[in-house]
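Take a look at the letters that make up each chain.
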Amino acid sequence: MKTKKLLKIVGVVFLLFVLFRIINPNYTKKVFVLDCSDEYKMSVFGREYEGFGYHNSKMDIAKCLCEKYLKTKEKKYKSEIRKIITEFELENSEYNMTIEKICTDREKVFFYWYYE
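Residues numbered from 1 in each chain as written. Predicted model: local features only at pLDDT ≥ 70, side-chain atom pairs only at ≥ 80, totals over all residues. Heavy atoms only, no water.

## What to know about the pattern of salt bridges
Opposite charge on two side chains allows them to pair when their charged atoms are near.
Then, in step 1: Taken as a whole, this structure holds 6 salt bridges when the rule is applied.
Then, in step 2: A salt bridge links Glu39 to Lys30, with the nearest nitrogen and oxygen atoms 4.0 Å apart.
Then, in step 3: Here Lys30 falls in the exposed class, since its relative accessible area comes to 56%.
Then, in step 4: For Glu74, the salt bridge is made with Lys76, and the minimal N-O distance between the two is 3.7 Å.
Then, in step 5: Taking relative accessible area as the criterion, Lys76 reaches 41% and is therefore assigned partly exposed. (Salt bridge = Lys/Arg side-chain N within 4 Å of Asp/Glu carboxyl O. Buried < 20%, exposed > 50% of the residue type's maximum accessible area, 1.4 Å probe, protein only.)

In structure tokens form, the structure reads like this:
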């Protein structure tokens, strides 16, 4: 009796897992930094290249922060830009220079990742 019940539970869990794996629903994540935000899509059983969405969203946020920094010169934007540079290990590149230069060349510095 207990074996049948256990087999039914395992069967239902397995069936739900297979069904969920086939459907693989997508969801949207939002990233906020100060007054800049972006969103990207992921799936529950994500593929390895879906991590690119997070990276590319952070690059968009960095570009937004740069635009705001160039207009206002506020330190809060500068520190957040530095955090993104550190997070993605861009500080060891040729762009370890002033924030003004980084923001001027933001399209080159904050580049997107692509999956081929």
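## Quick notes on the packing of aromatic side chains
Then, in step 1: Evaluation of the coordinates by the stated rule reveals 1 aromatic pair.
Then, in step 2: Measuring from ring centre to ring centre gives 6.0 Å for Tyr40 and Tyr54, while their planes differ by 70°; the resulting arrangement is edge-to-face. In this pair, Tyr40 is assigned in strand 2 (residues 36–43) and Tyr54 in helix 2 (residues 51–72), connecting sequence segments 14 residues apart.
Then, in step 3: Assessed through its relative accessible area of 11%, Tyr40 is described here as buried. (Phe/Tyr/Trp six-rings, centres within 6.5 Å; stacked < 30°, edge-to-face > 60°. Helix = DSSP H or I, 4+ residues; strand = E, 2+ residues; numbered from the N terminus.)

## A few points about the confidence of the model for the protein
The predicted structure's coordinates, where accompanied by low pLDDT, should not be read in detail.
Then, in step 1: Residue-level pLDDT values for the protein average 78, and 82% of them are 70 or greater.
Then, in step 2: Predicted confidence in the protein is weakest over helix 5 (residues 106–109), with a mean pLDDT of 79, and strongest over helix 2, with 86. (pLDDT = per-residue confidence, 0-100.)

## Points about the pairing of strand 2
Then, in step 1: Inspection of the sheet shows strand 1 (residues 26–33) paired to strand 2 by 8 bridges, in the antiparallel sense. Residue pairing across strands places Val31 opposite Asp38, the latter belonging to strand 2.
Then, in step 2: Hairpin remark: strand 1 followed by strand 2, antiparallel, with 2 residues in the connecting loop; positive phi at Leu34, about 50°. (Pairing = 2+ DSSP bridges.)

## Some remarks on the environment of Asp38
Then, in step 1: Position of Asp38 relative to the elements: it lies in strand 2.
Then, in step 2: A C-alpha to C-alpha distance of 9.8 Å links Asp38 and Cys64, two positions 26 residues apart in sequence.
Then, in step 3: Non-local contacts of Asp38, meaning those with residues more than four positions away in its chain, are made with Lys29, Lys30, Val31, Ser57, Asp60 and Ile61.
Then, in step 4: Among the polar contacts listed, one links the side chain of Asp38 to the side chain of Ser57, at a separation of 2.9 Å. (Contact = heavy atoms within 4.5 Å. Polar contact = N/O pair within 3.5 Å; in protein donor to acceptor, adjacent residues only side chain to side chain.)

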